[in-house]
Amino acid sequence: MSISETIRTLLVDDEDLARAVVKEHLAPHPEIEVIGECGNGFEAVKMVNELRPDLVFLDIQMPKLDGFEVLELLEHQPAVVFVTAYDEFALRAFEVHAVDYLLKPFRKERFDEALLRVSRRVREGRKGNAEPGLSYRELAGSARPAGSYLERIVIRDGAKLHVVPVEKVDYIAAADDYVSVHVGEKEFLKQQTLSSMEAMLDPRRFVRIHRGSVVNVARILRIEPYSKDSKIVLLSGGVQLPASRAGLAALEAVLGGL
Amino acid sequence: MHPFLKNKAQFAVYLALWLPLVVVFALLLQSQPSAWAMRDALGFALLAVTLLAFLFLSMYYVCRALPLRETSPGKIAGVHAVGVTTASAVWFAFALLFAWLMDRGFARGTSLEARGSYFEQVWRDLPVLAVFSVVMLTLGVAVGYLLIALESQRETEGHRQQMQTLAREAELRSLRAQINPHFLFNSLNSISALTTQNPERAREMCLLLSEFFRRNLDIGNQESTTLGEELDLVFNYLQIEMARFGKRLQVDADVPDDLRGFVLPPLLLQPLVENAVKHGIAGLVEGGKIGIRARSLSGGGLSLSIENPFDPEQPRRRRRGIGLENVRGRLDFRYGRDARFEVTREEARFRAKIQIAARGEAAGAPAQNPVPEASSQ
């Protein structure tokens, strides 16, 4: 690929007018080619994975999936410029290595500055100079504001996307490089380590009872002795999970004494 | 009116408290050398003590006329001495009258000859009766002042509570009147887009936004508004949001014209409609319809409901809770038990319902007493 090639761009915002203003500001830049636009998180994930754009203008508050959840589900890593009316996500945006963060409404000069940063980033990427770094998938998950926890887990399953509210999860088990999220009869695989998943969940609601499993405390039916040193945790779905001594201590801390 | 007479039950209890004295008084009469027949003694005691109970109450009015703080102690002592003496004299006169009537044949127990004249006995025992009545009536004066003190304390307490309630309501209202900055930024972004695309609509949006701000400022300073005015604000707001959301935001309002004059605390509907847009429509790809409905309730009340679809997979946001609590709190302050606020989530529909039983106070009048309980009940 040569440097002179165009920057293929996707616009994601649920408001027509908001997309229109971005498009208008892009018009004087012939190197930018808008290859598509969409108005919600689901479509954004689909379009990025299919069209593989170089650049995405991404709103944060959208139907279905928010901007950060979209990033978590991408197979491909385009340069991202967040465009939002909310300034409180700026820190998180840079933690996931967004190229820029534009606050609505923005000035033309400010927009052009963002484009300058974009072309620098895209050029470096094409030269192969970009730091390999972590993927959006890993960054987006861990970039949470302090004191806030995951409310729902987003999972890509081939072309399908699943959004699972955390209160519906029974337990999450480690499976090599993946975690399997158990929701009733269903099981979803997500590429993530159990430890990083555990760190994103509210420790008052989810407890790691064993090296291999994190359990939703609300689903626990009872705890029964198993051997001298271990116990079995029974979940309301009938599932039985072994608990280690450390795991039991952690449960005890949350449940306030057993 | 005397506080004891304000309510029948209370008055009955007061009289019942005197019953033991009737018995004591009757026994006292019986223990005299020329014994009264038990029935006569009880009858006489009942009449005399009941009369004393009323005279006891009258002391309260004397106390009212002589506030402790504003009257010199000498005057208080003097006036009450005259009061107690006069009341005692009245009591003696009636006691003698009762005795005389009993001698004239109302007493059936024993013959006049056999027991001697009740009238003469009462006359003889006047010093004892005097001590009895002076002690009781002085006690009446003390109780009178006690009641006055309690009343004024309750009054200041009630007044303070009312002031606090009004202050709190004003605070909550001013919180509501603060316009969400994201609404402003998003609207300005829409205007920024429209200036080149459709200058006329851009100007229209500027005007709508100014109108909204002005209305919001006005309404935030008012104690009360009418349903019509509140709806004007709400529609003003919705028109701005429609520019942003386009076809995704639809509104279905059903408000009979004759209800537009209903008086309400301001900014009750606006936060609910704002929630419906922010937490309902904004989270839906296809958007949806916000339903606003007003109905009259029997007895002149009002029922309002705001309905909107929402995405059940969207995590619940805390902000919505704060807005709802604000509305609930303000309804509570203003109407107490006369208003109800219900929120229901059914599948993918959210509904907030306000019901106000009493017809609101007249427009422009100060807020009605928000303390719903009368002190006498």
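Residues numbered from 1 in each chain as written. Chains lettered and ligands numbered in written order. Predicted model: local features only at pLDDT ≥ 70, side-chain atom pairs only at ≥ 80, totals over all residues.

A. Structural detail: the overall build of chain B. For chain B, the count of helices and strands is 11 helices and seven strands. Every one of the 377 residues in chain B was classed for burial, and the buried ones make up 32%. Pairs at least 24 residues apart make up 74% of the contacts formed inside chain B by residues separated by at least 6 positions. (Helix = DSSP H or I, 4+ residues; strand = E, 2+ residues; numbered from the N terminus. Buried ≥ 20, exposed ≤ 12 C-beta atoms within 10 Å, placed from the backbone. Contact = placed C-beta atoms within 7 Å.)

B. Spotlight on the nonpolar core. Counting 113 residues, the largest nonpolar core has L58, V80, V81, V118, V214 and V215 of chain A together with V273 of chain B as its most contacted members. Per element, the largest residue contribution to this core is nine residues, and it comes from helix α9 (residues 227–245) of chain B. Setting aside residues no more than four positions away along its own chain, L58 of chain A makes contact with V12, G67, V70, V80, V81, F82 and V83 of chain A. L52, A87, A99 and M102 of chain B belong to the second-largest nonpolar core, a separate cluster that totals 32 residues. (Core = buried A, V, L, I, M, F, W, Y, C linked by C-beta atoms within 7 Å.)

C. Layout of unusual backbone geometry. Residue and element names in this part refer to chain A. In this structure, P105 follows K104 across a cis peptide bond, with omega equal to -10°. Residue placement: P105 occurs in the loop between β5 (100–103) and α5 (108–127). Here R52, not a glycine, exhibits a phi torsion of approximately 45°, which is positive. Tracing the backbone shows R52 in the loop between α2 (41–51) and β3 (55–58). Of note, the phi angle at H97 is positive, near 60°, even though the residue is not glycine. As for its position among the elements, H97 is in the loop between α4 (90–95) and β5.

D. Structural view of helix α10 (residues 269–280) of chain B. A rise of 1.5 Å per residue sets the reference length of α10 of chain B, with its 12 residues, at 16 Å; its end C-alpha atoms lie 15 Å apart and thus fit the reference within 8%. Counting buried positions along α10 of chain B yields 11 of 12 residues, so the element is predominantly enclosed. (Expected span 1.5 Å × (residues − 1).)

E. Broad picture of the pairing of strand β5 (residues 301–309) of chain B. Residues and elements named next belong to chain B. With seven bridges connecting them, strand β4 (residues 288–297) and β5 associate as antiparallel partners. Looking across to β5, one finds that A294 is bridged to L304. Adjacent in sequence and paired antiparallel, β4 and β5 are bridged by three residues, among which G299 carries a positive phi angle near 85°. One ladder, built from eight bridges, connects β5 with strand β7 (residues 349–356); its direction is antiparallel. Paired with L302 across the strands is I356, a residue of β7. (Pairing = 2+ DSSP bridges.)

F. Seen up close, the packing of helix α7 (residues 181–197) of chain B against α9 of chain B. Residue and element names in this part refer to chain B. Running from amino to carboxyl end, α7 crosses α9 at an angle of 60°, the nearest separation of the two axes being 10 Å. Accordingly, the angle class assigned to the pair α7 and α9 is oblique. Where α7 crosses over α9, the two elements pack in a sense that is left-handed. For the pair formed by α7 and α9, the contact residues are N186, S187 and S190 on the first element and I240, A243 and R244 on the second. (Axes fitted to C-alpha atoms, helices over the stretch in contact; angles between N-to-C directions. Parallel < 35°, antiparallel > 145°, perpendicular 65-115°, else oblique. Left-handed = near helix turned anticlockwise from the far one by under 90°.)

G. Summary view of the sheet that holds strand β9 (residues 178–183) of chain A. Residues and elements named next belong to chain A. A sheet is described by the order of its strands in space; here five strands give the open sequence β10-β9-β8-β12-β11, paired in antiparallel fashion. The outermost strands of the open sheet, each flanked by one partner alone, are β10 (186–191) and β11 (206–210). Neighbour-to-neighbour, the strand axes of this sheet turn through a mean angle of 25°, independent of strand direction. Examined bridge by bridge, strand β8 (residues 171–175) and β9 share five bridges and lie antiparallel to one another. Bridging from a neighbouring strand, Y171 pairs with H182 of β9.

H. A look at the interface of chain B and chain A. Every contact between the two is made by 20 residues of chain B and, on the other side, 19 residues of chain A. Elements that contribute at least two residues to the side of chain B that touches chain A include exactly α7 and α9 of chain B. Tallied by class, the residues present in the side of chain B that touches chain A amount to eight nonpolar, nine polar and three charged. (Nonpolar A, V, L, I, M, F, W, Y, C, P; charged D, E, K, R; others polar.)

I. Examining the confidence of the model for chain B more closely. All names here are of chain B. Across chain B, the average pLDDT comes to 84, with 89% of residues at 70 or higher. Confidence scores differ between elements of chain B, with helix α4 (residues 112–115) showing the lowest mean pLDDT of 60 and strand β2 (residues 249–254) the highest of 96. The low-confidence segment residues 360–377, where pLDDT is below 50, has 32 contacts with residues more than four positions distant or belonging to other chains. Predicted complex metrics record ipTM = 0.77 and pTM = 0.67. (pLDDT = per-residue confidence, 0-100.)

J. View of the environment of A282 of chain B. Structurally, A282 of chain B is set in the loop between α10 and β4. For the pair A282 of chain B and D311 of chain B, spaced 29 residues apart in the sequence, the C-alpha separation amounts to 9.4 Å.

K. Structural view of α7 of chain B. Here α7 of chain B is 17 residues long and its end C-alpha atoms lie 25 Å apart, about the 24 Å a rise of 1.5 Å per residue gives. By the burial criterion, the buried members of α7 of chain B are N186, S187, N189, S190, I191, S192, A193 and L194 of chain B.

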